[in-house]
Amino acid sequence: MPGRRPLKAALLAGAGIAIGWSAVANAQAAGQAPVEPAALEEVVVTAQKRSENVQNIPVAVTAISADSLEKQAAPNLQALQGSAPNVEINSSNAATGVAIRGIFSTNDGPQGDPAVAYHIDGVYLGRPQSTGGLIYDIQQVEVLRGPQGTLYGRNATAGAINVISARPRFDFEAALGAEYGSYNQVGVSGMANLPFSDKVAARVAMRTLKRDGYAADGKSEDQDSRAFRGQLLVKPTEDLSILLGADYDLRKGVGPAAYKLNVAGVDPRSTNTTNPGAPIDNRNWGVHSEITWDFGPATLTVLPAYHEMKLDNLYASDRRIQLNQEAKQQSVEVRLASPGDQTVSWILGAYYWGEAQSSYQVLLAPPTQVTFGYPDIDAFSRALFGQATWHVTDKLRLTGGLRYTNDQKKQTGSTQVRNAAGVLLSNITNTANAEWKATNWKASAEYQLAERSLIYFTAATGYKAGGNYDGLPPNSYEPEKVLSFEAGSKNRLFSNALQLNLTAFHYGYKNYQASQLGCLNLPSNLAACTASGRITYNADKATVYGLELESQWAISSADRLGVVAALTHSEFNDFVLPVTPYSSGGDFSGNPLPKSPKSTVTVDYSHRFDLPNGGSLTAAARARFVSKQYLLFDIRSPIIRQDAYTTGDLNLSYDSPEGVWSVTAYANNITDELVKSYAFATSTAGVYYGSYLPPRTYGLRVGAKF
């Protein structure tokens, strides 16, 4: 029962603590020497575009290590759920949606923009369909919470995610891995780091993953993915480095499915199969370079990149939808940064991003057939930015930042409406050319209470560009803006054995962008609401505030306990929508924002058993509680509500002496909870389709290092 689940989470958390203490107590009771206390590892992040200790910066950021993701058997971004507070992730059709602190983009189409900026090795990827690829051979993933309008700029009103690949090193190393799991999941991974000299090194990596679908047909929600990456590092001198990188990601099969959502707890994967034989053929590839030159007074960094995405999808809800989309983006960022130990440390930069898209989407079912054809959807962003920190004393630091952004979006296309017999009723030419300018700022004060205790306060703004949708004018929406206040405390206590980080935040949103199915503006000779499409509206005002906790405790050298928790309140203050045959409309003021649960708690516990042969056995458990949430902003329908739930994960790993080879057994969502993760309205009033988090899965992974 839902009412019992918070208790269930508390019991699981208590069990983890009890196990941790009993491990130490049992060792003492057996006459053995107690396990020595241990310190937590230092974590370095690049959240402020320079390498810094995560505990020493006034930013709410979580770094998830490669080892942590590997033990979770994480193939993609969904593994970040529970690893950082206030982060919710879903897969919908070909896209991956990320919500941070209740801020989520409900428009993953070619004309929409994400609310969370996604970067791989410093390169921003503008399409949410480019973010669902395999994660492999990485150094870590950094999750920044809160608007990042100064250093990251566009479309980071909710935060940013940085995936940092493992870079070439000047020592030989290699690794191989294989896995087998439920739903006939088979995967292979590999890496080789090749030093050609003390100045040139290369690194290549790959991963494949294939499994049957979660649905009864064995196809819907399957996975057939392959990914490859190559990097070349050249260091002619100690002060100059040139990194060249290329990557390729292929996703085939049927892919994510859209199910008709139910109120009752019946798993639709066992009763309906909406995508039988619906293929996907999605490809992403890109090249980038990072040139870094430390010439003494400052360091110059140049980061040019090119990325291309091609989608060929057939998916379904109450209509079968054929989507063909191609996006080509190019970008360059130039930064000049002072050394970090100066009285005033600073960073200056310029940024350019351009994207050229073509998109063709056909709704294949009656009562009408609608074709959205856009041979040209172009977007451009140009920015200048700077940030400086004044070390007033050895304990007090003040930071200020500014970013000026100029965004432009253009589109040329048409909307064709046909009746059930295929007769053309209307052919509307859609053109748009809009431009927006914004200046964002950041101001923060931080004080070092002790060597390992920091408090800070930050005020900042964020901005997300406006845009256009299908049909005749008016068919545009305004930029989304946010004013954020954040206070935090970062602490390492008890000889660096306990980390305790607390954050409080408050957001005031203006023109929050919310999308749903609505009536397209069509010529007057057609009846109202002859055709539907995705309409993006602006909610005049919205408010989000909350508290977050991140804690890690090294109980001993063999025991780790982690707690991640959040309390969040969100609501639309002023949001009214029109009534249409596809949505009931009305005044949504006072409703919570989508994907914004009031409370979440994750508890992790692990214990390492050191074996006589020099190897080790590590047992780990995770419990995650999430309170009730709504997946859309019209909360009157219980269908789009996800009640409170608790999930549990387990894994057991053996590492051989000196870590040469390892074996990991894992089980995720061990109680097989049915969790809705995404929803969208259909052309039939009151009928919603959506997706679910994965069911119970388990498997075995083996790896070797050379």
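Summarised in this report is the structure supplied together with it. Note that this is a predicted model, so its numbers are computed, not measured.

1. Some words on the overall build of the chain
No. 1: Helix and strand counts for the chain stand at two helices and 40 strands.
No. 2: Taking 27 Å as the expected radius of gyration for a compact globule of 706 residues, we find that the chain reaches 25 Å, a close match to that expectation.
No. 3: Principal-axis analysis of the C-alpha atoms places the extent of the chain at approximately 85 × 60 × 50 Å.
No. 4: When the 706 residues of the chain are sorted by exposure, 57% land in the buried category.
No. 5: Looking at the chain alone, contacts between residues at least 24 apart form 66% of all its contacts between residues at least 6 apart.
No. 6: Accessible surface computed for the chain: about 27800 Å², of which carbon and sulfur atoms make up 60%.
No. 7: Looking at charge distribution, the chain has the averaged site of its 61 positive side-chain charges lying 4 Å from that of its 63 negative ones.

2. Examining the sheet that holds strand β9 (residues 159-165)
What holds strands together in a sheet is hydrogen bonding between their backbones, with the strands either parallel or antiparallel.
No. 1: Reading across the sheet, the five strands line up as β3-β8-β9-β6-β7 and stay open at both edges, with mixed pairing between neighbours. Strands with a single pairing partner mark the edges of an open sheet, and in this sheet they are β3 (61-65) and β7 (123-125). Taken pair by pair, the neighbouring strands of this sheet meet at an average axis angle of 20°, ignoring direction.
No. 2: The sheet contact formed by strand β8 (residues 138-145) and β9 spans seven bridges and is antiparallel. By the bridge assignment for β9, I138 is matched with S165.

3. Remarks on the sheet that holds strand β15 (residues 259-260)
No. 1: Pairing in this open sheet of three strands is antiparallel, and the strands run β15-β39-β38 from one edge to the other. Across the chains shown, the open sheet's two edge strands, defined by having one partner strand only, are β15 and β38 (676-681).
No. 2: Here β15 runs beside strand β39 (residues 688-692); their pairing, made up of two bridges, is antiparallel. Counterpart to Y259 in the pairing with β39 is G690.

4. Some details on the environment of N538
No. 1: Tracing the chain through its elements places N538 in strand β28 (residues 532-554).
No. 2: The spacing of N538 and E478 is 60 residues in sequence and 6.8 Å in space, taken between C-alpha atoms.
No. 3: Residues contacting N538, with those up to four places away along its chain left out, are Y477, E478, P479, N511, Y512, Q513 and F575.
No. 4: A polar contact is formed between the side chain of N538 and the backbone nitrogen of E478, at a distance of 2.7 Å.

5. Description of the pairing of strand β36 (residues 645-655)
No. 1: Where strand β33 (residues 616-626) meets β36, eleven bridges bridge the pair, whose relative direction is antiparallel. When the bridges of β36 are listed, A620 appears paired with N651.
No. 2: Both β36 and strand β37 (residues 661-668) contribute to a ladder of six bridges, which runs antiparallel. Note on β37: the bridge partner recorded for Y654 is V663.
No. 3: Where β36 folds back onto β37 in an antiparallel hairpin, the turn is made up of five residues, including E658, whose phi is positive at roughly 65°.

6. Some details on empty space enclosed by the protein
Sizing a probe to match a water molecule and rolling it over the atoms shows the empty space that remains.
No. 1: Scanning the model with the defined rule gives 14 cavities of 30 Å³ or more in all.
No. 2: Taken as a whole, the second largest cavity holds about 400 Å³ of empty space.
No. 3: Lining the second largest cavity are 29 residues, with I120, L125, S130, R229 and D247 positioned closest to its centre.
No. 4: Contributions of two or more residues to the lining of the second largest cavity are made by β6 (116-120), β7, β9, β13 (223-237), β14 (240-252), β16 (282-294) and β17 (299-316).
No. 5: Here the residues of the lining of the second largest cavity sort into 16 nonpolar, eight polar and five charged.

Cut-offs and rules
- Residues numbered from 1 in each chain as written.
- Predicted model: local features only at pLDDT ≥ 70, side-chain atom pairs only at ≥ 80, totals over all residues.
- Heavy atoms only, no water.
- Helix = DSSP H or I, 4+ residues; strand = E, 2+ residues; numbered from the N terminus.
- Rg over C-alpha atoms; globule rule 2.2 N^0.38 Å.
- Buried < 20%, exposed > 50% of the residue type's maximum accessible area, 1.4 Å probe, protein only.
- Contact = heavy atoms within 4.5 Å.
- Areas by Shrake-Rupley, 256 points an atom, 1.4 Å probe, with all protein chains shown as cover.
- Lys, Arg positive; Asp, Glu negative; His and termini not counted.
- Charge placed at Lys NZ, Arg CZ, Asp CG, Glu CD.
- Pairing = 2+ DSSP bridges.
- Axes fitted to C-alpha atoms, helices over the stretch in contact; angles between N-to-C directions.
- Polar contact = N/O pair within 3.5 Å; in protein donor to acceptor, adjacent residues only side chain to side chain.
- 1 Å grid on protein atoms, 1.4 Å probe; cavity = no way out; pocket = protein on both sides within 12 Å on 5 of 7 lines; lining within 4 Å.
- Points joined across faces, edges and corners; volume = space filled by probe spheres on them.
- Nonpolar A, V, L, I, M, F, W, Y, C, P; charged D, E, K, R; others polar.

Any link to function would need more than the numbers given here.
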